[in-house]
There are 4 protein chains.
Amino acid sequence: MIYTYLGPAGTFTEAALMQVPGVDAAERVPSTSVNTALEKVRSGAADFAMVPIENSVEGGVSATLDAIATGESLQIVREVLVPITFVLVARDGIDSLEQVHTVSTHGHAYAQTRHWCEANLPGHDFLPASSTAAGALGLLDPENHYDAAICAPLVAEQNSLNILRRGIEDTAGAVTRFVLVSKPGRIPVPTGNDKTTVVVPLPDDHPGALMDLLDQFAARGVNLSRIESRPTGEALGSYFFSVDAEGHITEARMADALAGLHRISPGVRFLGSYPSVGRSPNATASVARHNTDEAFAEAAAWVARLKAHLG
Amino acid sequence: MIYTYLGPAGTFTEAALMQVPGVDAAERVPSTSVNTALEKVRSGAADFAMVPIENSVEGGVSATLDAIATGESLQIVREVLVPITFVLVARDGIDSLEQVHTVSTHGHAYAQTRHWCEANLPGHDFLPASSTAAGALGLLDPENHYDAAICAPLVAEQNSLNILRRGIEDTAGAVTRFVLVSKPGRIPVPTGNDKTTVVVPLPDDHPGALMDLLDQFAARGVNLSRIESRPTGEALGSYFFSVDAEGHITEARMADALAGLHRISPGVRFLGSYPSVGRSPNATASVARHNTDEAFAEAAAWVARLKAHLG
Amino acid sequence: MIYTYLGPAGTFTEAALMQVPGVDAAERVPSTSVNTALEKVRSGAADFAMVPIENSVEGGVSATLDAIATGESLQIVREVLVPITFVLVARDGIDSLEQVHTVSTHGHAYAQTRHWCEANLPGHDFLPASSTAAGALGLLDPENHYDAAICAPLVAEQNSLNILRRGIEDTAGAVTRFVLVSKPGRIPVPTGNDKTTVVVPLPDDHPGALMDLLDQFAARGVNLSRIESRPTGEALGSYFFSVDAEGHITEARMADALAGLHRISPGVRFLGSYPSVGRSPNATASVARHNTDEAFAEAAAWVARLKAHLG
Amino acid sequence: MIYTYLGPAGTFTEAALMQVPGVDAAERVPSTSVNTALEKVRSGAADFAMVPIENSVEGGVSATLDAIATGESLQIVREVLVPITFVLVARDGIDSLEQVHTVSTHGHAYAQTRHWCEANLPGHDFLPASSTAAGALGLLDPENHYDAAICAPLVAEQNSLNILRRGIEDTAGAVTRFVLVSKPGRIPVPTGNDKTTVVVPLPDDHPGALMDLLDQFAARGVNLSRIESRPTGEALGSYFFSVDAEGHITEARMADALAGLHRISPGVRFLGSYPSVGRSPNATASVARHNTDEAFAEAAAWVARLKAHLG
């Protein structure tokens, strides 16, 4: 088995990958972008790709949302949550904040630590890096002229970097959600606390088009835990929606909602049903009677009996 | 074949029955009430019963709506429209309106001619009859003391009664709709312009319970041509709804709407799919693409393909 | 003060009228029909009319629903519930059921006692009467040839009639709801447990027209305790709806729902806000926060503040 | 008047600002971030800030959506559309693509030209810059070691840079939408083709919470031209929505929709009504009769008349 992930090594994505059972015995290959990671799965160069999809502070990860929504179909088989916490690492010889004048990191990491930086590193300059790990490892390169970097604890520990401060994120408790992606194939069996991800183009923009889509879920008591709008790239106001719905395609209310989506927006793309991490308040147990598998089965049987009598 | 109908002979119901192809060669038996007519079908004493269900002036015919909604299941196999027009017939020897002091007829017929009567028979007395035909034929009985009766043209012609005035109905163009009822069995094949009748108990009275029912039709583009609320008889505010929806149970959007109704209100009763009389502006031809049989079939096939890959 | 009611004396309607405080000191005038009673109010010949509007067994009273929906505006100022129970009264000299061969009563009363009659008076004939009281009082007239009548206890007691059986109604616990009607004028002050009655023409028959109307209530958490469809008389399928909604026009959610109705169906007619009889499970106390008067007031104030800054 | 904008000079944002009438005579101050630009307006250091809000390829601009949604209130007074097209500029002496080995630009610009770069600059390295202008101007600094930069035509022309290729964007026709922001104050007068922007926290996550919000617009025929979900930063699945709705707060259907939003989600923030750029297919002219100002005014007047009669 070959796993790829959004690299380089030492980022939060590798931390997410390490949570997958059995992955430590498998081959792990970093990719330079989400697109590259997913293309490796499509081409067969990798069996699975771990990529970030949603951050509790920054929101949906556009690169992933877009890459998974188009091109050859892929399937989400697992989700992983990783708490996001940052450390400030410095070039050797620097041991106080006063000595830090230039900081490098990825733009997203800088966005999540900016208030801390402004308060604790007054007048500092920011140098964007292509990843938090690249920024951190760049400190080992004497050609670079910046003093410090902001990165995940993992890369600091893997490389024994000089950690000046821990926990410098502006928002405590931030979490990033990652998904493990494969070619379409086996759908994980339902656990009673599952999630289904779909991508739905908005059919047209009459008032209420989005409501018609959402109603496919709401009318069957299916709760949504995430909804992201993304531009199709064709024009301002042309959207698709990336949606996580609570439930599994083997549950009748979800299958019926998906069928309804397909009628209204035939370009809908199913991205998988897989176990939810974390107990949902709206898991299967609390489904209203008329949205249970039994209610759907009885209703279908009733209609079938009636239709059997066609003259 | 034995046909029964709401009698006596000569009423609008017999006129409706005479429109059924082949009925002139069959046995025709009047019944004294809608209930009696339907019970003859349930017991096998008759194959079909013709009963009124809706009047364009008076509204739904409660006796029929209630009798068909409870008890052993029955099925509507045909609808018939009969224009409602009334004649004033008089006892022999009476040849002007001035001589008419007392008028007998059924309360419904009187309600539909009351303005004419008040304008043309000032100071008249009204004597209720058990049917328009009974009132008319009573004129032949010397024991009765009323001068005139209001009835359907059919009974006047069948019995060569003395017609004083024709077309005395207050509302020109009134129509009554009759249905031909049999035991459940063969559903008439779809014609592309059909109607489906159901009876649905309102599940409970939270705000919007009725909307949840109606949404089963609206969300699938199924138009309603009639909706009647009727009390269940249990308490004020406890209702069932009698609904005519445009379409046939063999059409996917209708079958799906019925299944949705059954989930929400498992006591729903299917009363038949049968050809509509009169061209509907909302017939099958104008169904939106996403509510066509093709859209439903494609959606179901798509979901089935996805589910085939369960791990 | 002059009160009229659907007569004759001794019917359930008079029983309803007697519940109105102060009515025993007022003039009480029976009318021969609902229409006549309402016309007396319109012309000023009476100040108030008591008429039946809804029966827990028979459903809406069409004559009232129609008469109040058209013509010069009227207003409901009070509702009264009367339990419906019937007695069998007989001609003097008849003291057993075996002696009863012909029974007279109003068609509605016969419909509510038919099963008892069929079980206890086998082979009896039914003679329709213009009212239960007329049928009962007819027993005092030697010219009539029927043996017994079915009527309200009130008329039997008022006239010391010979009561053979009490409580012969097929459905125990039946209730009829009556409304006291005046010219439009003072709306009764809100009590916290009120009802608002409106008549709404269905604007046209696209799929969902009725839902658009109902949504005006549902979207504001206003529960409906009664909904009746009535034909406009123009064509099959042309309807208006008579609706009782829980709440008072002085409550913001109701006023807002009424305004919404008016936009969609400008022919909507307000028939009054008045105290509910019987404790409703959906009374004002259980209104969701966002549908309270406070929420409406805050929202209106917020929008007004924003609009105050128009450049 | 002082205008600030997301700098540095020469970016698309400055190009947007130059479209504002009268701005060439005003003071124009670049800001280093969206946050900084908006804070200048809040503090009074600038009267207006021009910031990007939506890109037809990349989607909503998170920094702007978030900065405008929280903190002291701001108001959008104008929108500006700028076509997005990129040029490849090179260090002096480089005159063919073969000589380009390292390219610097902002990550967003690189994302929008990546396919062109991969096809035309095989094996190139990418060096992230803090802005497209910074990357381009860096070519003038001999200390930098990259060969080329990707930037807006404006900065290339302002600085007479060496343009190797024009129009290298992967998606032709891309457009970015910018908004001009001020302190809350005068709302621009309606033009008949306006847009209203609001930020709405999702009240809770019961099935359909988002539908309840959207229904406030749909039920009044208000079309949405943009909807973005953004995390509140509190937890995964905790969202607010940034919405552009077609219409002006002075139009009754919009004011009513806003009031409805406020009831359901009292934390709603109004960000302005301002003229739409580009003719919308859903502009005021096509509003259904029951959603016009007249319909709202008539409905309000009707309810007010009714309430005037409270007893």
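Remember, predicted model here, so these are calculated numbers, not experimental data. (Residues numbered from 1 in each chain as written. Chains lettered and ligands numbered in written order. Predicted model: local features only at pLDDT ≥ 70, side-chain atom pairs only at ≥ 80, totals over all residues.)

### Some words on the environment of A:Ser131
Step number 1: Within the secondary structure, A:Ser131 is located in the loop between β8 (125-128) and α5 (132-137).
Step number 2: If we skip the residues at most four places from it in the chain, A:Ser131 touches A:Pro8, A:Thr11 and A:His106. (Helix = DSSP H or I, 4+ residues; strand = E, 2+ residues; numbered from the N terminus. Contact = placed C-beta atoms within 7 Å.)

### A closer look at unusual backbone geometry
Step number 1: Residue B:Gly7 is joined to B:Pro8 through a cis peptide bond whose omega torsion reads 5°.
Step number 2: If you trace the backbone, B:Pro8 turns up in the loop between β1 (2-6) and α1 (12-17).
Step number 3: Although it is not a glycine, D:Ser160 adopts a positive phi angle of roughly 50°.
Step number 4: D:Ser160 gets classed as exposed once you count the C-beta atoms within 10 Å, which come to 7. (Buried ≥ 20, exposed ≤ 12 C-beta atoms within 10 Å, placed from the backbone.)

### Some details on the domain arrangement of chain A
Step number 1: According to the domain assignment, chain A consists of domain 1 (1-83 + 176-186), domain 2 (87-166) and domain 3 (187-311).
Step number 2: For domain 2 of chain A and domain 3 of chain A, the distance between their C-alpha centroids amounts to 44 Å. (Domains from an automatic or database assignment.)

### Thoughts on the relation of the copies chain C and chain D
Step number 1: Superposition of chain C onto chain D requires a rotation of 179° combined with a translation of 0.0 Å along the rotation axis, giving an RMSD of 0.1 Å. Considering both components of the superposition, the chain copies are consistent with a two-fold axis. When C-alpha positions in chain C are compared against the rotation axis, the closest is assigned to C:Ala219, at 4.6 Å. (Least-squares fit on C-alpha atoms with pLDDT ≥ 70 in both.)

### With respect to the UniProt feature "domain: Prephenate dehydratase" (unreviewed entry) in chain A
Step number 1: Those places that UniProt annotates as "domain: Prephenate dehydratase" (unreviewed entry) correspond, in this numbering, to residues 2-183 of chain A.
Step number 2: What you have in residues 2-183 of chain A is 27% helix and 32% strand, and the ends, taken at the C-alpha atoms, are 13 Å apart. (UniProt positions renumbered as here; feature names shortened; annotations may be inferred.)

### Examining the interface of chain B and chain C
Step number 1: At the interface, 37 residues of chain B touch 37 residues of chain C.
Step number 2: At the level of secondary structure, the elements contributing two or more residues to the side of chain B that touches chain C comprise β11 (175-182), α7 (209-218) and β13 (224-231) of chain B.
Step number 3: In terms of residue class, the side of chain B that touches chain C is built from 16 nonpolar, 13 polar and eight charged. (Nonpolar A, V, L, I, M, F, W, Y, C, P; charged D, E, K, R; others polar.)

### Some points on the environment of C:Phe12
All names here are of chain C.
Step number 1: Looking at the element boundaries, Phe 12 is found in helix α1 (residues 12-17).
Step number 2: Overall, the presence of 26 C-beta atoms within 10 Å leaves Phe 12 in the buried class.
Step number 3: Taking the C-alpha atoms as reference, Phe 12 lies 24 Å from Arg 230; in sequence the two are 218 residues apart.

### Here we look at the sheet that holds strand β10 (residues 162-166) of chain C
Residues and elements named next belong to chain C.
Step number 1: Strand order across the open sheet formed by five strands is β8-β7-β9-β6-β10, with mixed pairing between neighbours. At either margin of the open sheet sits one strand with a lone partner, and together these are β8 (125-128) and β10. Across this sheet, the average inter-strand angle for adjacent strands is 30°, counted without regard to direction.
Step number 2: Where strand β6 (residues 87-90) and β10 come together, four bridges link them in antiparallel fashion. Looking at the pairing, Ala 90 lines up with Asn 162 of β10. (Pairing = 2+ DSSP bridges. Axes fitted to C-alpha atoms, helices over the stretch in contact; angles between N-to-C directions.)

### Things to note about the sheet that holds strand β8 (residues 125-128) of chain B
Hydrogen bonds between backbone atoms are what pair the strands of a sheet, whose relative direction is either parallel or antiparallel.
Residue and element names in this part refer to chain B.
Step number 1: Here five strands make up an open sheet; going across it, the order is β8-β7-β9-β6-β10 and the pairing mixed. Edge positions in the sheet fall to β8 and β10 (162-166), since each of these pairs with one other strand and no more. Going across the sheet, the axis of each strand differs from the next one's by a mean of 30°, ignoring polarity.
Step number 2: Bridge count between strand β7 (residues 102-105) and strand β9 (residues 148-151): two bridges; the pairing is parallel. Bridging from a neighbouring strand, Val 103 pairs with Ala 148 of β9.

### Observations concerning the packing of helix α2 (residues 34-43) of chain C against helix α3 (residues 62-69) of chain C
Residues and elements named next belong to chain C.
Step number 1: In contact at an axis separation of 9 Å, α2 and α3 are set at 30° when each is read in the N-to-C sense. What the angle tells us is that α2 and α3 run roughly parallel. Crossing hand, α2 versus α3: right-handed. Every residue of α3 that contacts α2 at Val 34, Asn 35 and Leu 38 is listed here: Ala 63, Thr 64, Ala 67 and Ile 68.
Step number 2: When grouped by side-chain class, the residues that make up the contact of α2 with α3 number five nonpolar, two polar and no charged. (Parallel < 35°, antiparallel > 145°, perpendicular 65-115°, else oblique. Left-handed = near helix turned anticlockwise from the far one by under 90°.)

### Looking at the pairing of strand β1 (residues 2-6) of chain A
Residue and element names in this part refer to chain A.
Step number 1: Within β1, four of the five residues are buried, which leaves it mostly tucked inside the rest of the structure.
Step number 2: Taken together, the five bridges between β1 and strand β2 (residues 27-31) define a ladder with parallel strand orientation. Looking across to β2, one finds that Thr 4 is bridged to Val 29.
Step number 3: A crossover links β1 with its parallel partner β2, the connecting element being helix α1 (residues 12-17), and its sense is right-handed. (Right-handed = clockwise from strand over helix to strand, strands pointing away.)

### Details of helix α7 (residues 209-218) of chain A
One turn of the α-helix equals 3.6 residues, which is why residues spaced by three or four share an orientation.
Step number 1: Burial runs high along α7(A): seven of the ten residues are buried.
Step number 2: Taken together, the buried positions of α7(A) are A:Leu210, A:Leu213, A:Leu214, A:Asp215, A:Gln216, A:Phe217 and A:Ala218.
Step number 3: Looking at the packing, one finds that the buried side of α7(A) touches β12 (194-201), β13 (224-231), β14 (239-246) and α8 (252-264) of chain A together with α7 (209-218) and β13 (224-231) of chain D.

### Looking at the relation of the copies chain B and chain C
Each of the two chain copies goes to the other by way of a rotation about an axis and a shift along it.
Step number 1: Screw-axis analysis of chain B against chain C gives a translation of 0.1 Å along the axis, an RMSD of 0.1 Å, and a rotation angle of 180°.
Step number 2: Both copies present the same face, since 100% of the interface residues in chain B are matched by interface residues at the equivalent positions in chain C.

### As for the confidence of the model for chain A
Step number 1: Scored by pLDDT, chain A has a mean of 90; 96% of the residues are at 70 or more.
Step number 2: Scored as a whole, the predicted complex attains pTM 0.85, and scored at its interfaces, ipTM 0.84. (pLDDT = per-residue confidence, 0-100.)

### A closer look at the interface of chain C and chain D
Step number 1: Across the boundary between the two partners, chain C contributes 31 residues, which contact 31 residues of chain D.
Step number 2: Of all the secondary structure elements, the ones that give two or more residues to the side of chain C that touches chain D are α8 (252-264) and α9 (293-307) of chain C.
Step number 3: It is α9(C) that contributes the most residues to the side of chain C that touches chain D, nine residues altogether.
Step number 4: Residue classes in the side of chain C that touches chain D are distributed as 20 nonpolar, six polar and five charged.

### Examining the environment of B:Ala209
Residues and elements named next belong to chain B.
Step number 1: With respect to the helices, strands and loops of the structure, Ala 209 is situated in helix α7.
Step number 2: Assessed through the 18 C-beta atoms surrounding it within 10 Å, Ala 209 is described here as partly exposed.
Step number 3: Each C-alpha atom of the pair Ala 209 and Ile 264 lies 9.3 Å from the other, and the pair is 55 residues apart in sequence.
Step number 4: Other than its neighbours up to four places away in sequence, Ala 209 contacts Leu 202, Pro 203 and Asp 204.

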